[in-house]
Amino acid sequence: IAYNLRFYGMVDGEGVVAKSLALLQDFASGHSSSRLLGKLATVTTMLRNHGEAHFPFMKGPDSRMGRHRTTFYYTLSRILFAGLGGGEFDSERGFESFMTPLQERLTALAQVPSTEMFLQDPSVKSAVVGILRDLRGVVAATHLRKTYGLFFDWFYPAHSPVLLRICEVYSTAGVYDVTNPLLKFYAELVHNRPHRIIFDSSSPNGILLFRETSKVLYSYGSRSLTNFQAAQGAGRKIDLYPALYKGAGTALLIFSRALGGNYVNFGVFELYGDRAFAEAIAIAFQLALAIPLPDLIAYPKVAKAYYGLIEILCVNHSADVVNLDTPVFVHLVQTLQEGLQSLEVWMSTQCAQALDHLAEFRFRNQSKTTPKAQAMLRHIEQNQEMFPRCLATLFSMVLNEECQNQWSLSRPLLSLILTNEQAFYSIKRSYVESQQTPESRTFVETAFEKLMTDVQPNLESKNRDRFTQNVTHFRSAMKTV
């Protein structure tokens, strides 16, 4: 395997490199096998001497060769973190030694004197893309709190400024084949799987990690949107997916993973006047609004990132969502209504849950006079039909379609009914009046009355469960009409 990686792939041999890396990765997939590999002289040599000088396949012009770098460093890091039976490359004592070549490359990039050199020197650009893919492989292998802590302490604050500068330079120039690997590295860095990002209670590292991530998001997002708007204004044709959609999708994924990681108390930022969270949420929605809804649905990766973010925001940060400008909030609700009708189960489920939490927020704050309650009231006054349309869509889906996630779709019905009673009565009246015979009209009216039998005007768990059971009976009864 080591021979193949050393002598194939510079010009051809991509298949040999791919299969060799896949085999090495399989060998390193288990903890015991990784420790056994670490005792081999060949593997120890690879851990001491890795990089383009020793493995020329990493300099291959094919983009697939670049992706193989990530797999290569992921596998080497897995072997390293398995412990290797002690010795020079013990996971703690050997980590800094293993990272020295990467550290030297980052230091060299930090000393690049000018923006022009970053943009005009092909060797610098190649070095930037290479180090980003290598770092992504290393951080992807940190499956434990201990190993993630080793990487984070090495990365921050020594090397994070270099990546921020790289982001600023290449985002301004619109060089997306550099910014995309950068964003993918950060998407891996903030991903708390499987609960590996756990800092001590006295440590500020969770907040610092999000602040650095927010800087990168804002830097990329603001510059990319400026370039996109300039291109549109000049009438230039651009390939939208690589130029904006792909990076925007990854940026939304980064933000959603940071929000769902449970290693940051986001209330701290507002409390101490830190703009990191506010800037991140603002740029995330600006990126989302730049993508037309049909295009958003058409690209699965972008759609998955967007709806995953919206779900997390509505579930955990409803007040911040409500605090958005009215056009943005209305657009968000419209995308949720569109997503409800998707044939993709994951999309309709996430949209239903997000809608449920927005409607619940409205229900719990409708009698209050807080700024957030007033903001929700302003949104509704300017677009009174957005929630009733969602309610009508849900009724239509529950009654007329065979969905695998009927339970999930029925959950937001109660919160929407309680906050849109007139819309509910209008839906009931339209279904009753659509029947041809008096008997059918009476039957449908009775079915609607049974839907709300023993259901109280609250959103407690028992009340929700009772309503969900009523929905099941209601659906079965309406099928007989």
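Okay, so let's go over this structure. (Residues numbered from 1 in each chain as written. Predicted model: local features only at pLDDT ≥ 70, side-chain atom pairs only at ≥ 80, totals over all residues. Heavy atoms only, no water.)

Scanning all chains against the criterion turns up 34 aromatic pairs. With a centroid separation of 5.4 Å and 50° between ring planes, the pair formed by F210 and F269 is classed as tilted. Of this pair, F210 sits in helix α12 (residues 205–234) while F269 sits in helix α14 (residues 267–271), placing them 59 residues apart in sequence. With relative accessibility at 2%, the residue F269 sits in the buried group. One aromatic cluster is present, formed by F395, F424, Y425, Y431, F448 and F474 through successive ring pairs. (Phe/Tyr/Trp six-rings, centres within 6.5 Å; stacked < 30°, edge-to-face > 60°. Helix = DSSP H or I, 4+ residues; strand = E, 2+ residues; numbered from the N terminus. Buried < 20%, exposed > 50% of the residue type's maximum accessible area, 1.4 Å probe, protein only.)

So, on to the packing of helix α6 (residues 95–110) against helix α9 (residues 145–155). Relative to each other, α6 and α9 sit at 35°, their axes nearing to 12 Å. The two elements α6 and α9 meet at a crossing, and its hand is right-handed. Only L150, F151 and W154 of α9 make contact with α6, whose side of the interface consists of F95, M99, Q103 and L106. In terms of residue class, the contact of α6 with α9 is made up of 6 nonpolar, 1 polar and no charged. (Axes fitted to C-alpha atoms, helices over the stretch in contact; angles between N-to-C directions. Left-handed = near helix turned anticlockwise from the far one by under 90°. Contact = heavy atoms within 4.5 Å. Nonpolar A, V, L, I, M, F, W, Y, C, P; charged D, E, K, R; others polar.)

Turning our eyes to something else, we now look at unusual backbone geometry. Glycine aside, a negative phi is what most residues show, and trans is what most peptide bonds show. With an omega of 5°, the peptide bond running from Y156 to P157 counts as cis. Along the chain, R193 connects to P194 via a cis peptide bond; the corresponding omega equals -25°. Along the chain, P194 falls in the loop between α11 (176–189) and α12. Positioned with a positive phi, H195 is a non-glycine residue whose angle comes to about 55°. The class of H195 is exposed, set by a relative accessible area of 61%. The phi dihedral of N262 is positive, around 60°, even though this residue is not glycine. For N262, the position within the fold is in the loop between α13 (240–259) and α14.

Turning next to helix α25 (residues 438–451). Compared with an ideal rise of 1.5 Å per residue, which puts 14 residues at 20 Å, α25 spans 20 Å between its outermost C-alpha atoms and is within 8% of the ideal. Of the residues making up α25, those classed as buried are V444, A447, F448 and L451. Buried residues along α25 cover an arc of 95° about the axis, so they all sit on one side. Away from its buried face by more than 90 degrees, α25 exposes E439 and K450. (Expected span 1.5 Å × (residues − 1). Arc of directions from axis to C-beta.)

The subject of this paragraph is helix α22 (residues 386–400). With 15 residues, α22 should reach 21 Å at 1.5 Å per residue; the first-to-last C-alpha distance of 21 Å fits that figure. Across the 15 residues that make up α22, a large majority, 11, are buried. Turning to α22, its buried residues number three or more, namely M386, F387, P388, C390, L391, T393, L394, F395, M397, V398 and L399.

Glancing now at a nonpolar patch on the surface. There is a patch of nonpolar side chains on the surface, built from Y3, F7, Y8 and V16 and spanning about 420 Å² of accessible area. As for its position among the elements, V16 is in helix α2 (residues 14–27). Under the relative-accessibility criterion, V16 is labelled partly exposed at 30%. (Patch = residues over 30% accessible without salt bridge, like charges linked within 9 Å, V, L, I, M, F, W, Y side chains within 5 Å. Areas by Shrake-Rupley, 256 points an atom, 1.4 Å probe, with all protein chains shown as cover. Salt bridge = Lys/Arg side-chain N within 4 Å of Asp/Glu carboxyl O.)

Attention shifts here to the nonpolar core. Judged by nonpolar contacts, the single largest core of 160 residues is most densely connected at F72, F151, F210, F255, L332 and F395. The element best represented in this core is helix α17 (residues 300–316), accounting for 10 residues. Excluding residues within four positions of it along the chain, F151 makes contact with F95, M99, L135, V138, V139, T142, F185 and L189. (Core = buried A, V, L, I, M, F, W, Y, C linked by side-chain atoms within 4.5 Å.)

Quick look at the pattern of salt bridges now. In the structure shown here, the tally under the stated rule is 15 salt bridges. For E360, the salt bridge goes to R364, with nearest N and O atoms at 2.9 Å. With a gap of 4 residues between them, E360 and R364 both fall in helix α20 (residues 345–365), about one helical turn apart. On the accessibility criterion, E360 (18% relative accessible area) is buried. The network of salt bridges with shared partners includes E52, R69, R105 and D134.

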